[in-house]
Amino acid sequence: MESALLIHRLHFAFTATFHYLFPQLTMGLALLIVVLKTIGLRRNDPVYHEAARFWGRIFGINFALGVVTGIPMEFQFGTNWSHFSRFAGGVIGQTLAMEGMFAFFLESSLLGLFLFGEKRLSPKAHWLSAFAVFVGSWLSGYFIIATDAFMQHPVGYYKAADGSLQLASFWDFVLNPWAGWQFAHNMCGAAITGAFVMTSVGAFYLLSGKWTTHARVFVKAGVIAGFVFSILQIFPTGDRQGKMVTELQPATLAAMEGLFHGQPGAPLVIVGQPNEQQGKIDNPIEVPKMLSMLTYRRWSAHVRGLDSFPRQDWPGNIPLLYYSYHIMVGLGTFFVAIMVVAMFLLWRGRLYSARWMLWILMLAAPFPYIANTAGWMTAELGRQPWLVYGLMRTEDGYSRTVSAGNGMFTLLGFMGIYTVLGILFLFLSWREIEHGPLAGNESMSNLHPATEAR
Amino acid sequence: MASLWFWIIAAMITTYVVLDGFDLGAGAIYLIAAKTNGERRRVLRAIGPVWDGNEVWLLAAGGTLYFAFPQLYASSFSGFYLPLMIVLWLLILRGIGIEFRAHIENRIWQTFFDVVFSISSILLSVFFGAALGNVVRGVPLDSSGYFFEPLWTDFKLGPHTGILDWYTVLTGMLALVTLTAHGSYYVALKTDEDLGRRARGFALLCWPAQFFLTFSTLVATYFIRPEIMANYAKHKIGILVPIVVIASLAVMLWANPKGKEKLAFVASSLYITAMLAGAAFALYPVVLPARDHQYDLTIYNTAAGAHGLRVGLAWWTFAAVLVVGYFVFVYRMFRGKVQVEEGHY
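So, a few notes on the structure that sits alongside this text. Because the structure is predicted, anything quoted here is derived from the model rather than measured. (Residues numbered from 1 in each chain as written. Chains lettered and ligands numbered in written order. Predicted model: local features only at pLDDT ≥ 70, side-chain atom pairs only at ≥ 80, totals over all residues.)

## Some remarks on the overall build of chain B
Looking only at helices and strands, chain B has 13 helices and two strands in total. Here chain B has a C-alpha radius of gyration of 20 Å; the compact-globule value for 345 residues is 20 Å, and the two agree. Its C-alpha atoms put chain B at 60 × 40 × 40 Å along the principal axes. Residues classed as buried in chain B amount to 56% of the 345 residues present. Within chain B, contacts between residues at least 6 apart in sequence are counted, and of these 76% link residues at least 24 apart. (Helix = DSSP H or I, 4+ residues; strand = E, 2+ residues; numbered from the N terminus. Rg over C-alpha atoms; globule rule 2.2 N^0.38 Å. Buried ≥ 20, exposed ≤ 12 C-beta atoms within 10 Å, placed from the backbone. Contact = placed C-beta atoms within 7 Å.)

## Notes on the overall build of chain A
Across its full length, chain A holds 14 helices and eight strands. Taking 22 Å as the expected radius of gyration for a compact globule of 454 residues, we find that chain A reaches 23 Å, a close match to that expectation. Taken along the three principal axes of its C-alpha coordinates, chain A extends 70 × 50 × 40 Å. Scored against the burial criterion, the 454 residues of chain A give a buried share of 55%. For chain A, restricting intrachain contacts to residue pairs at least 6 apart in sequence, the fraction spanning at least 24 positions comes to 74%.

## Here's the deal with the packing of helix α2 (residues 46–79) of chain A against helix α3 (residues 82–116) of chain A
When two helices pack together, their arrangement is captured by the angle between the axes and the distance separating the axes. Residues and elements named next belong to chain A. The N-to-C vectors of α2 and α3 enclose an angle of 160°; their axes lie 11 Å apart at closest approach. Taken together, the axis directions place α2 and α3 in an arrangement best described as roughly antiparallel. Two packed elements cross with a definite hand, and for α2 against α3 that hand is left-handed. Two secondary-structure elements touch here, α2 through G56, G60, F63, E74, F77 and G78 and α3 through S82, S85, L96, L111, F114 and L115. Of the residues that constitute the contact of α2 with α3, the class distribution is six nonpolar, five polar and one charged. (Axes fitted to C-alpha atoms, helices over the stretch in contact; angles between N-to-C directions. Parallel < 35°, antiparallel > 145°, perpendicular 65-115°, else oblique. Left-handed = near helix turned anticlockwise from the far one by under 90°. Nonpolar A, V, L, I, M, F, W, Y, C, P; charged D, E, K, R; others polar.)

## Thoughts on the nonpolar core
A:L32, A:W55 and B:V187 are the most contacted members of the largest nonpolar core, which has 263 residues in total. In terms of residue count, the dominant contributor to this core is α3(A) (20 residues). (Core = buried A, V, L, I, M, F, W, Y, C linked by C-beta atoms within 7 Å.)

## Things to note about unusual backbone geometry
Note the cis peptide between A:Q384 and A:P385, where omega equals 5°. Relative to the elements of secondary structure, A:P385 occurs in the loop between α12 (366–383) and β7 (386–388). Cis peptide bonds are those with omega within 30 degrees of zero, and the linkage from B:Y284 to B:P285 qualifies with 0°. Tracing the backbone shows B:P285 in the loop between α11 (261–283) and β1 (286–288). The phi dihedral of A:N44 falls on the positive side, at around 55°, and the residue is not glycine. Inspection of the secondary structure puts A:N44 in the loop between α1 (2–43) and α2. Assessed through the 10 C-beta atoms surrounding it within 10 Å, A:N44 is described here as exposed. At B:E193, a residue that is not glycine, the phi angle is positive and equals roughly 55°.

## Some remarks on the pairing of strand β4 (residues 268–275) of chain A
All names here are of chain A. As judged from the six bridges shared by β4 and strand β5 (residues 280–287), these two strands associate in the antiparallel manner. From the neighbouring strand, P274 faces β5, where its bridge partner is I281. Here β4 folds back onto β5, and the loop between the two strands holds four residues, one of which, G279, carries a positive phi near 65°. (Pairing = 2+ DSSP bridges.)

## Quick look at the interface of chain A and chain B
In this assembly, 56 residues from chain A lie in contact with 58 residues from chain B. Listed by contribution, the elements that provide at least two residues to the side of chain A that touches chain B are α2, α3, β2 (165–167), α13 (404–445) and α14 (449–452) of chain A. At 23 residues, the largest contribution of residues to the side of chain A that touches chain B is made by α3(A). Here the side of chain A that touches chain B is composed, by residue class, of 29 nonpolar, 19 polar and eight charged.

## Overview of the environment of A:E99
When you line up the elements, A:E99 lands in helix α3. For the pair A:E99 and A:S140, spaced 41 residues apart in sequence, the C-alpha separation works out to 5.4 Å. In this structure A:E99 touches A:F104, A:S140, A:F143, A:I144 and B:G63, once residues within four positions along its chain are discounted.

## Focus on helix α10 (residues 318–347) of chain A
Its 30 residues give α10(A) an end-to-end C-alpha distance of 43 Å, which sits within 8% of 44 Å, the value for a rise of 1.5 Å per residue. Downstream of α10(A) by one or two residues, A:G349 has phi in the positive range, about 75°. (Expected span 1.5 Å × (residues − 1).)

## Brief notes about the environment of A:L428
Following the sequence through the fold, A:L428 ends up in helix α13. Each C-alpha atom, one on A:L428 and one on A:A365, is 17 Å from the other, the two residues being 63 residues apart in sequence. Look past the residues within four positions of A:L428 in its chain and what remains in contact with it is A:I61, B:F100 and B:H103.

Here's what the structure looks like:
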């Protein structure tokens, strides 16, 4: 039984983690493409249109992978977590069904028009198709966040006679306060990924001395967006998210921060290794009293430690939770630092020639992916041992009828397929980047069958 | 209220099969009917702008099923664990087969994705048919409301059935032939010249097999589950199902050689609709029959709470109107025969 639980958790964790590598760029780029197209329309500047088209091509590859890896997510609630679905489906089925009805149809119908319909549509109609894709992808994000928010902080439900949860108030459920801040925080994270990727490609072109006109647009748009969203990521969204955890999941906060013993004037651990056996942080570098200040806005406030909670309610994997959280926060701080410097250079007009900074910007692209992944791991590991916070434990939610052996069979299958998908994605994206913002414009539109027919 | 959701979901699944069915059918004939690179690209362009939207009907139907009948979703998705996972893999392969082919102008690359696309389409058709066969035949549910079926056991209809037995293989074959014909009519409708002719030829070849399998499946169904006739005996309206099935088969046979592709395609869509509606009509109010009838899952013992279902109807109706709008718009945008000189794929 124990091993089946582990397999089902790994199954969901692996497929969800891999899947989310794609939507974060989809959602981030969708926003930036709308911005590029808007500027292109207003200034009537072909460079912005070409930039939007180039990112549209990357978007297309990325979106396809988001779609094909997303479908398994919707199935796995039933296949791997059937007891959970039976328990909570009366509530979270709402948002999952709404995602299909409102977001997927919108995206899938209009994506084709956005990617391939530029010649058939007027410029304004084409802008509208890009905007619709943006709305669809962000809406999709909200429905998923609202679903997760219910698992983090269940509201708007009642317990039916058979023990299952059913919807009591649609608006309470959909407008869960947890969902609002989590959505804002998550979308800033997606925008950061989009901004860093765009900046990175622009920096790469500038360093290579190729397509410099377009590269400047990429770097400029990316740095401005990266600057704005990295700051919003910490304040107010990250701060408010932290407050919510403090208030509603105090044991999670203690585990994230590695606070084994509750105390007034609790320190903030910057670096150190949680030692569960001895209930302390090894090799700590701390800021005294800072945790009390951040959580309660008072230097002397008492913060509850793990010792205030019964052992069986502690998150199951404290070291991994602690590291996920610290990696997320550390990288988030690092993003602000990079973007503040880049913004300063941009403002002084020196960014495009500051090769050292362009190197940093080029190499920074993978880190938002790590930060977003670590953020989700913080949220989901932090919720443990609960599947629905306070209502259902994780060990009670998986599919009893699906054995560990069958679970491992499909987990390995997904690992194999996803490895191939990951390689294909990198390969095809690299080709688009290598072909540059202009070459690709042609290769898509002038595929004349007459010249190719064998 | 639960009855209404039963029919909504049945309608969504039917829409999925009618729409994505022609994508799958086009995939099934793709390797043989479309011989040159130009022809293959025309088939892909015929389905390219719409396949993803069509596939969403499956997701939306699944999501709606989850929302309206959580217990059914929990039992059936975990019970059909292995075939669903295989369907997921095939959907992934089908999607990348269509989308990634055009990125590189290299025959080896393109042939690889051609084969991926076609084989995954064929297997998906068979699995969907077998899935429906499982639902009609009944599954080994017990008092817990759960079951688990291996992919196959001994191919007999004993107490320990697998996903595949002789009956579900039969329904799988019927689905393959039906969707191959359906896709052929669609390709014939959207293309011309040699490709259109070959697609019509394929449909012609499918017809006798479709005719024979339709009747053998119906007869087999009657013998293994005589109780499916109960609703037909009770409600006169059920007579429409066989009438539409026979009429649409006749129209297909007549219209296709005459070059009336549109009529043949409409008839094929009606055939699919009637067959699925007939199955839903026979099952109602059961949603997943057990081998042992006392454990049947019905709309009454699997539905979500009444308030949730009522609220859902409001947003579902609103969303459905939008969806119809998108589909009308997109299909109008890409109407007519495939233009050879523009578009991706």
